[in-house]
Amino acid sequence: MAIPVPEKRIADFENMAFGMFIHYGLYSQMGCGEWIMNIANIPVEEYKKLFDTFTAKDFDARKIAKTAKAAGMRYITLTTRHHDGFSLYDTKGLCDYDAPHSPAGRDLVREFVDACREEGIMPMFYHTTLDWYQPSFKNDFKSYLKYLNDSVEVLCTEYGKIGGLWFDGNWSRPASDWDPDTLYATIRKHQPEALIIDNTGLSGRGDIGHPEIDSVTFEQGRPTPLDREGMTKYVAAEMCHTMNDHWGFGEGDFNYKSLPSMIETLCACRKVGANYLLNVGPDGDGNIVPMQKVMLEYIGKWMNTCGQSLYRGRPAKVCGEFKNFALEADGRLYLYIHDLNVAGDANVIVDGGGRGFKYFKNVSGKVKSVRWTDTGEELDFVQHGENLWFNATGFPYGCNYVVRVAEVEFEN
Ligand code: GLC
């Protein structure tokens, strides 16, 4: 059976490869994550005090877009409204529980969209479907659905061309309660090229759901390859990840993933053709916190030095050993080499091995050259039929990029 050809918006999404997720809202002021209202059972009236102190005084969309761009991210998915029901956008009178009516007095989504366009970043909108603020969510679901639909219509008509809508919360009620046909038709009507994503949550990783969905999600988990044979439509895949254990700012959460593990996870996503959506949770004033900023800076350095083939690179039938794998792009192969050591003097470098010949199979075509993409150094190789071995020299003393990439060129 055939694998369907991706529609343009879906292919474009796959080519963006790497995005920034931003969880920012009233909860950011508490520094206890975005679920605090629910987890600490804070009554709406009490929680609303956060509305009166929400100034977003340091929320600088341009600065955030620049940070994302420097990290190699090509799109940003911002929480335009999260489960607490507060909107960062001007709801045009649907509900005044929004940023323009708060002390911030600004439409933060407008600023976000403008900043993204100036930096050449695709803006995407996260939007909750679950709502802890609207009484109708509990007692008049039909009218709640209309409110949700009208809200999404505002987002689709007020901000020019957007990259897509990323929904989250349908897992809170039985699937039959929702009316995705109407909601998705609203999007297709105003934004035919926008992606539609519905987060199927921790228990539904990789589920496809509605036929309008353009990408499956793998919240907090390594994506597995999708078997697209016989699908009626090609769907992309995206894995979203926190840097520590919270999406919204968690002031007391020190449990950061390591930089090497984030680089490796980004690579592992692309190995199976999935996008990587890495989250930041700005503080109450809207600043990306220092730890997250530094991580992004280093990921950006890695992207510039080693990661350029991640965008156009697609999973290849070529296989490596252990964590090593190959992507193909524009008739070339890119070999992603893990656990490589620094080459240096035995008195200073702890030599855990890792250098030397690496094996890849299913390499069809006659190899002309193999070279590191970071230094351009040409590497020795041996090819027997479809088997390729190449000599992975160690990192030059002074660096260790965690994952190093070799480019394979073929004879014509
Ligand atoms: C979960 C959480 C939510 C978070 C989302 C991000 O569904 O409910 O707080 O925004 O994951 O993927």
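The shown structure was predicted, so the numbers you read here are calculated from the model rather than taken from an experiment. (Residues numbered from 1 in each chain as written. Predicted model: local features only at pLDDT ≥ 70, side-chain atom pairs only at ≥ 80, totals over all residues. Heavy atoms only, no water.)

Notes on the nonpolar core
Met20, Phe54, Trp302 and Tyr336 are the most contacted members of the largest nonpolar core, which totals 101 residues. Counting residues per element, this core draws most heavily on helix H8 (residues 141–158), which supplies 9 residues. Both domains that meet at this core, namely domain 1 (8–305) and domain 2 (314–410), each give it at least three residues. For Tyr336, the residues in contact, after removing those within four places along its chain, are Cys267, Trp302, Ser309, Leu310, Lys323, Asn324, Phe325, Leu327, Val403, Arg404 and Val405. Membership of the second largest hydrophobic core comes to 22 residues, among which are Ala316, Ala326, Leu333 and Leu335. (Core = buried A, V, L, I, M, F, W, Y, C linked by side-chain atoms within 4.5 Å. Buried < 20%, exposed > 50% of the residue type's maximum accessible area, 1.4 Å probe, protein only. Helix = DSSP H or I, 4+ residues; strand = E, 2+ residues; numbered from the N terminus. Domains from an automatic or database assignment. Contact = heavy atoms within 4.5 Å.)

Observations concerning the pattern of salt bridges
Between side chains of opposite charge, pairing is possible as soon as their charged atoms come close. Within the structure shown, the criterion is met by 31 salt bridges. In this structure, Glu193 and Lys161 form a salt bridge, with 3.6 Å as the shortest nitrogen-oxygen distance. On the criterion of sequence distance, the pair formed by Glu193 in the loop between helix H9 (180–190) and strand E5 (195–199) and Lys161 in the loop between H8 and strand E4 (164–168) is long-range, its members being 32 residues apart. Residue classification places Lys161 among the partly exposed residues on the basis of a relative accessible area of 44%. Arg173 is the salt-bridge partner of Asp177, the closest N and O atoms lying 2.8 Å from each other. For Arg173, a relative accessible area of 23% gives the class partly exposed. One network of salt bridges, in which partners are shared, links Glu7, Arg9, Arg188, Glu212, Asp214 and Lys233. (Salt bridge = Lys/Arg side-chain N within 4 Å of Asp/Glu carboxyl O.)

Quick look at the site of the ligand
Taken together, 14 residues surround the ligand, and among them His23, Glu34, Trp35, His82 and His83 come closest. A distance of 2.9 Å is found between an oxygen atom of the ligand and a side-chain nitrogen or oxygen belonging to His83. Tyr126 is positioned such that a nitrogen or oxygen atom in its side chain is 3.4 Å from an oxygen atom of the ligand. Protein chains bury 95% of the 310 Å² of accessible surface belonging to the ligand in isolation. When its residues are assigned to classes, the shell around the ligand shows 7 nonpolar, 4 polar and 3 charged. (Near = heavy atom within 4 Å. Polar contact = N/O pair within 3.5 Å; in protein donor to acceptor, adjacent residues only side chain to side chain. Areas by Shrake-Rupley, 256 points an atom, 1.4 Å probe, with all protein chains shown as cover. Nonpolar A, V, L, I, M, F, W, Y, C, P; charged D, E, K, R; others polar.)

Structural notes on the pairing of E4
Burial of E4 is extensive: 5 of the 5 residues sit out of reach of the surface. Sheet topology note: the strand E3 (residues 122–128)/E4 ladder contains 5 bridges and is parallel. Its bridge partner lying in E4, Met124 is registered against Gly164. Relative to E5, E4 runs parallel, the two being bridged by 5 bridges. What sits directly across from Trp166, in E5, is Ile197. (Pairing = 2+ DSSP bridges.)

What to know about the packing of helix H5 (residues 61–70) against helix H6 (residues 108–119)
Direction vectors running N to C along H5 and H6 enclose 40°, while the axes themselves pass 8 Å from each other. One way to sum up the angle between H5 and H6 is to call them oblique. Crossing handedness for the pair H5 and H6: right-handed. Counted together, Ala61, Arg62, Ala65, Lys66 and Lys69 of H5 and Glu111, Phe112, Ala115, Cys116, Glu118 and Glu119 of H6 form the full contact between these two elements. Along the lines of polarity and charge, the residues of the contact of H5 with H6 split into 5 nonpolar, no polar and 6 charged. (Axes fitted to C-alpha atoms, helices over the stretch in contact; angles between N-to-C directions. Parallel < 35°, antiparallel > 145°, perpendicular 65-115°, else oblique. Left-handed = near helix turned anticlockwise from the far one by under 90°.)

As for the sheet that holds strand E11 (residues 332–338)
If you trace the 8 strands from one edge of the open sheet to the other, you get E13-E16-E11-E10-E9-E12-E15-E14, paired in antiparallel fashion. Each edge of the sheet is formed by a strand with only one pairing partner; in this case those strands are strand E13 (367–372) and strand E14 (381–384). Across this sheet, the average inter-strand angle for adjacent strands is 30°, counted without regard to direction. Relative to strand E15 (residues 387–392), strand E12 (residues 356–361) runs antiparallel, the two sharing 5 bridges. Counted as the bridge partner of Phe360 is Leu388 from E15. Relative to the sheet, helix H10 (residues 259–271) contacts strand E9 (314–320), strand E10 (325–329), E11 and strand E16 (403–410), its axis offset from that of E10 by approximately 60°.

Nothing here speaks to function; it is geometry throughout.
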